[in-house]
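Residue-level listing of the chains:
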Amino acid sequence: MSLARWNKATPPTLLWLLVVLSLLVVPSLSMGQAPDAPTAAPAAGPAPATPAAKSAAAQAQAHGPPPDSWAGQLEMLSRWVDQRGGSGGCEERCYALDRLRITGAVGEGPLQFELSGGVLTDRPVAVPLFGPPAHLRIEATLDDGRPASRREAAPISFEDDHYYLWTAARRFVLRGSLWLEGDLTLLVAGPLNTFEADITGGSVAEGARLSGLRGATLHFTPDGGEGSQSAGPTVFQLSRAVRVGREIGFEYRLVMRSGSDLGVVRLPLAFGEKVLDVAGASGFRVEGGELVLPTSGRAAEMKISGTLPKVGAFSPDPRSAYEWWLFESDAEHRLTVKGDARQVDAAESPIPRTQATSRLLLVQRGQRVEVAVEPLSGVEVLAAVVRDHRRTLVLTERGDLVADDALTYENNGIDYLTYAPGGRPIYLATDGKAQRIMHQGKAAEEVLVPLQTGSHTIQVQSLAQAAVHSLGGTLELPMPGYPLTASEVALTVGLPDRVVPLALLGGDRPVWFADAGDAFAVAVGFVAAWIAVRPGGAASRGRVRALRALGGVLMAGLWFLAPATFVALLVGIATALAAWLAGRLLGGRGRAAAMVVLLGLGGLALLVGLFAVSARSYRAERWNSTYSESAAPAPAAVRRAKDDDLAKGGGALAPGGAVLEGVTPVALSLPDYERTVRARRELVTRERAFRPVLVYTTSSALVPLVLLWLAGVTALLAAHRAPLTELYRRAAARLARRPEDELAQGEPPARVR
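Residues numbered from 1 in each chain as written. Predicted model: local features only at pLDDT ≥ 70, side-chain atom pairs only at ≥ 80, totals over all residues. Heavy atoms only, no water.

> I tried to follow a nonpolar patch on the surface on my own but got confused; where do I start?
Where nonpolar side chains cluster on the molecular surface, the patch consists of Val527, Trp530, Ile531, Leu577, Trp580, Leu581, Leu585 and Leu586 and spans about 800 Å² of accessible area. Taken together, the elements giving at least two residues each to the nonpolar patch come down to α6 (516-532) and α8 (563-585). Ranked by residues supplied to the nonpolar patch, first place goes to α8 with four residues. Since its relative accessible area comes to 71%, Leu585 is described here as exposed. (Patch = residues over 30% accessible without salt bridge, like charges linked within 9 Å, V, L, I, M, F, W, Y side chains within 5 Å. Areas by Shrake-Rupley, 256 points an atom, 1.4 Å probe, with all protein chains shown as cover. Salt bridge = Lys/Arg side-chain N within 4 Å of Asp/Glu carboxyl O. Helix = DSSP H or I, 4+ residues; strand = E, 2+ residues; numbered from the N terminus. Buried < 20%, exposed > 50% of the residue type's maximum accessible area, 1.4 Å probe, protein only.)

Structural data, given as structure tokens:
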């Protein structure tokens, strides 16, 4: 045997005895050496220790025995043994249970048991045995390899719902007696490899030979004696299955045995069961809330099926010591099961399973199970979906919100859709045909929209009110609500002239009043102002920089106040700069031709810039006209439907053009608007709702900014008063001079620099 196997197999006590005997028999070599005699150093050895290692060794030697003494050698050996023993430890489930065998007579005193197993570590562990302690009493002795004369009662205690054995034996056999009080049930904690039951006067409901038990409950059923004269059945085993679908169905499996004839058995229908069929019994009937089952003989097995009105609290029959309850649901329902019953593996169900969502519970006498069912929303995921939702929301000068929604949906069987428009509904149409606006109740805000199978469109118009502050603020825009998943929702907000949008929040990304094009225009304006601002006189460098920065700010403000003027000024500055360069580089006819070309290019650039600036408003107006044209046929369809109603004698005219209930509505034309802002959101549901918020200001709040901009323009012009005056004087002089005067003097015409 190798040294490793010897160390693993030898108990720690025997190892210590061998160590002590070896130390007593063989004298240590260090005993014949003087304490202060120097030892010869080996020819080759490890490198000298560092100062830190030397100080640590000195401290260990100062606090412990000398390493050359008997005590030092014993301490080194003890450390070595501890290390060898600690290397084979385990962290969890340091035990193994092999076989449990139970013998005796059921109902006639205690049952005898024998449990074999072992511990997988050198330290004592708590081995779980049986339960529950409230209904079980154990007396046992432990055979752990010691002689029979030295064996004592096993150290057994309980915690929670199990008894525990405290032992460190590598191999043990626990023998003793079990007293089952009340229900004849035994809870085996396990894991247990095999179970054997050799009992008389009864049987184990789960089987006499089992394997692979863990957290299993074993039920002992006594047999009825020959002289039993009880009126009810001795064995009453009832298993139940509740299946939730479009309707709630149940299936009961009843097994009865008795020492005498069963006769007529009554099963209470405590949960409102409606019995449809009973297999195994003929002539069944329902009397006073009980199912009457005529039987013949001492044993009967029958299958009962039917429907339940609802699910709720369930409890076993008083005659059953325990019952199997199987709960199932289809893909459109979800069950929630609560209570003090224990859930077990669904494969142990006596009733065959039909759904993958099966749950099997072992409900004992006195326990209770509460079941709740939640129907999954077939509207949101399974039956219909909104492919595209376009909403146009126009804010008028008086604070009215006119909403127009266009939805494209895909339906697979839903009849009506509850639609909350976010305001008072005034128009409804499906596939371009007007529909009457219907509610579930008079106080309900949702509109019932009839849906058709396939891909179709819906148009809904509504009215709401909004409070617009005089200086600005935030406005939460109303959005419709419906129990469908929308792939994409696009919102277009039309605003009057006095409302200036700053940001629209709530979409996939925030929409601001300025974009990359605005930033580019502002940068170009700063460059142009830096080139054009050149105050005359002996101005300091700091003042020149301040004036140029002021010019850049004024150009940026001009872009937002009057984009067309900004483009014109920018083209003028560029043309003037090009003309100045041409005047410096060219002369005579070449200079004149260059001036003509520059003027033509400047005019062309001005036209292109003005067209680009007006593109935004042009697109908004064109989109509004296109949308109005697409919505124009709706009133004609409405008039045709109204004419049909009048021809049939239905419908009536409202006095003063008011709205009448039950009359087909007429579409409303959208009001005009000056500014638009758009936002978009993908995958919108009730949990992920689209709630847009508009951050705005008003034209009244921008008046101080406009006044500041005018003041800046005045200051910039005042700084250029001298150059502007000189330019005006030269231009006036040049215009006042006549050509014959220049020829008389013999000088070429003066040119303006």
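> Please clarify how the sheet that holds strand β3 (residues 125-128) should be interpreted in this entry.
Hydrogen bonding along the main chain pairs the strands of a sheet, whether they run parallel or antiparallel. Taken in spatial order, the three strands line up as β3-β7-β6 in an open sheet, and their pairing is antiparallel. Edge strands, defined here as strands with exactly one partner in the open sheet, are β3 and β6 (156-159). Taking each pair of neighbouring strands and ignoring which way they run, the sheet shows an average axis angle of 40°. (Pairing = 2+ DSSP bridges. Axes fitted to C-alpha atoms, helices over the stretch in contact; angles between N-to-C directions.)

> So what exactly am I meant to see when it comes to the sheet that holds strand β36 (residues 499-505) here?
The strand order β34-β39-β36-β37 describes an open sheet built from four strands, whose pairing is antiparallel. Either end of the sheet is taken by a strand with one partner, and the two such strands are β34 (472-476) and β37 (511-512). Helix α12 (residues 699-719) rests against β36 and β39 (693-698) of the sheet, and its axis sits at about 50° to β39. (Contact = heavy atoms within 4.5 Å.)

> Could you clarify how one ought to interpret empty space enclosed by the protein in this entry?
A probe matching the size of a water molecule, rolled over the atoms, marks out where space remains unfilled. Overall, the coordinates contain one cavity of 30 Å³ or more when judged by the stated rule. Looking at the largest cavity, the residues that line it are Leu97, Leu115, Pro128, Leu129, Phe130, Val188, Gly190 and Leu192. Of the residues contributing to the lining of the largest cavity, the split by class is seven nonpolar, one polar and no charged. (1 Å grid on protein atoms, 1.4 Å probe; cavity = no way out; pocket = protein on both sides within 12 Å on 5 of 7 lines; lining within 4 Å. Points joined across faces, edges and corners; volume = space filled by probe spheres on them. Nonpolar A, V, L, I, M, F, W, Y, C, P; charged D, E, K, R; others polar.)

> Could you clarify how one ought to interpret α12 in this entry?
At 3.6 residues per turn, the α-helix brings residues three or four places apart onto the same side. Its 21 residues give α12 an end-to-end C-alpha distance of 30 Å, which sits within 8% of 30 Å, the value for a rise of 1.5 Å per residue. Buried residues belonging to α12 abut α7 (541-561) and α13 (721-736). (Expected span 1.5 Å × (residues − 1).)

> I'm lost on unusual backbone geometry in this one. Help?
Excluding glycine, residues mostly carry a negative phi; peptide bonds, for their part, are mostly trans. The omega angle of the peptide bond from Gly131 to Pro132 is -5°, so this bond is cis rather than trans. Take Pro132: it is sitting in the loop between β4 (130-131) and β5 (136-143). With omega at 0°, the peptide bond leading from Gly190 into Pro191 counts as cis. Structurally, Pro191 can be placed in the loop between β9 (185-188) and β10 (192-200).

> Explanation requested: the pattern of salt bridges in the structure shown.
Should their charged atoms come close, side chains of opposite charge can pair. Summed over all chains, the structure comprises 26 salt bridges. In this structure, the salt-bridge partner of Glu251 is Lys303, at a minimum N-O distance of 3.3 Å. Taken as a pair, Glu251 in strand β15 (residues 248-257) and Lys303 in strand β20 (residues 299-308) lie far apart in primary sequence, 52 residues in all. Look at Glu251 and you get buried, because its relative accessible area is 13%. By relative accessible area, which is 43% here, Lys303 ends up partly exposed. Salt-bridge contacts for Arg253 lead to Glu301; the nearest nitrogen and oxygen are separated by 2.8 Å. Placement of Arg253 in strand β15 and of Glu301 in strand β20 is noted, with a sequence separation of 48 residues between them. Among the residues examined, Arg253 registers a relative accessible area of 30% and is labelled partly exposed. Classification of Glu301 by relative accessible area gives partly exposed; the value is 47%. Through salt bridges with shared partners, a single ionic network connects Arg99, Glu114, Asp143, Arg175 and Glu196.

> Which parts of the structure should I look at to understand the packing of aromatic side chains?
Any pair of aromatic rings gets described here by the distance separating the centres and the angle formed by the planes. Applying the stated criterion to the full structure yields 10 aromatic pairs. Residues Phe250 and Tyr252 carry aromatic rings whose centres are separated by 4.6 Å and whose planes lie at 40° to one another, so their mutual orientation is tilted. For the pair Phe250 and Tyr252, a shared accessibility class is recorded, and that class is buried. Taken together, Phe271, Phe314, Trp325 and Phe327 form an aromatic cluster joined through their ring pairs. Here the guanidinium or amino end of Arg137 rests over the ring plane of Trp179, the centre of that ring lying 4.1 Å away. (Phe/Tyr/Trp six-rings, centres within 6.5 Å; stacked < 30°, edge-to-face > 60°. Lys NZ or Arg CZ within 6 Å of the ring centre and 35° of its normal.)

> What's the story with the packing of α7 against α8 in this structure? I'm lost.
Two numbers describe a pair of packed helices, the interaxial angle and the distance between the axes. Relative to each other, α7 and α8 sit at 135°, their axes nearing to 5 Å. Relative to α8, the element α7 is oriented oblique. Contact residues: α7 offers Met555, Leu558, Trp559 and Leu561, while α8 offers Pro563, Thr565, Phe566 and Leu569. Class assignment for the residues of the contact of α7 with α8 results in seven nonpolar, one polar and no charged. (Parallel < 35°, antiparallel > 145°, perpendicular 65-115°, else oblique.)

> For this particular structure, what's the right way to read the environment of Gly201?
Among the structural elements, Gly201 can be located in the loop between β10 and β11 (202-204). Not counting residues up to four positions away in its chain, the partners in contact with Gly201 are Val106, Thr221, Pro222 and Asp223.

> Help me understand the packing of α7 against α12 in this model?
Their axes nearest at 10 Å, the elements α7 and α12 cross at an angle of 140°. Considering the angle they form, α7 stands oblique to α12. In the packing of α7 onto α12, the handedness of the crossing is left-handed. Listed contacts from α12 to Arg543, Leu547, Leu550, Gly551, Leu554, Gly557, Leu558 and Leu561 of α7 are Val706, Trp709, Gly712, Val713, Ala715, Leu716 and Ala719. (Left-handed = near helix turned anticlockwise from the far one by under 90°.)

> Can you walk me through the environment of Ala300 in this structure?
Along the chain, Ala300 turns up in strand β20. Its relative accessible area of 15% is what places Ala300 among the buried residues. The spatial distance from the C-alpha of Ala300 to the C-alpha of Leu262 is 8.1 Å, given a sequence separation of 38 residues. Those residues in contact with Ala300, other than ones at most four positions away along the chain, are Leu254, Val255, Met256, Leu262 and Thr295.

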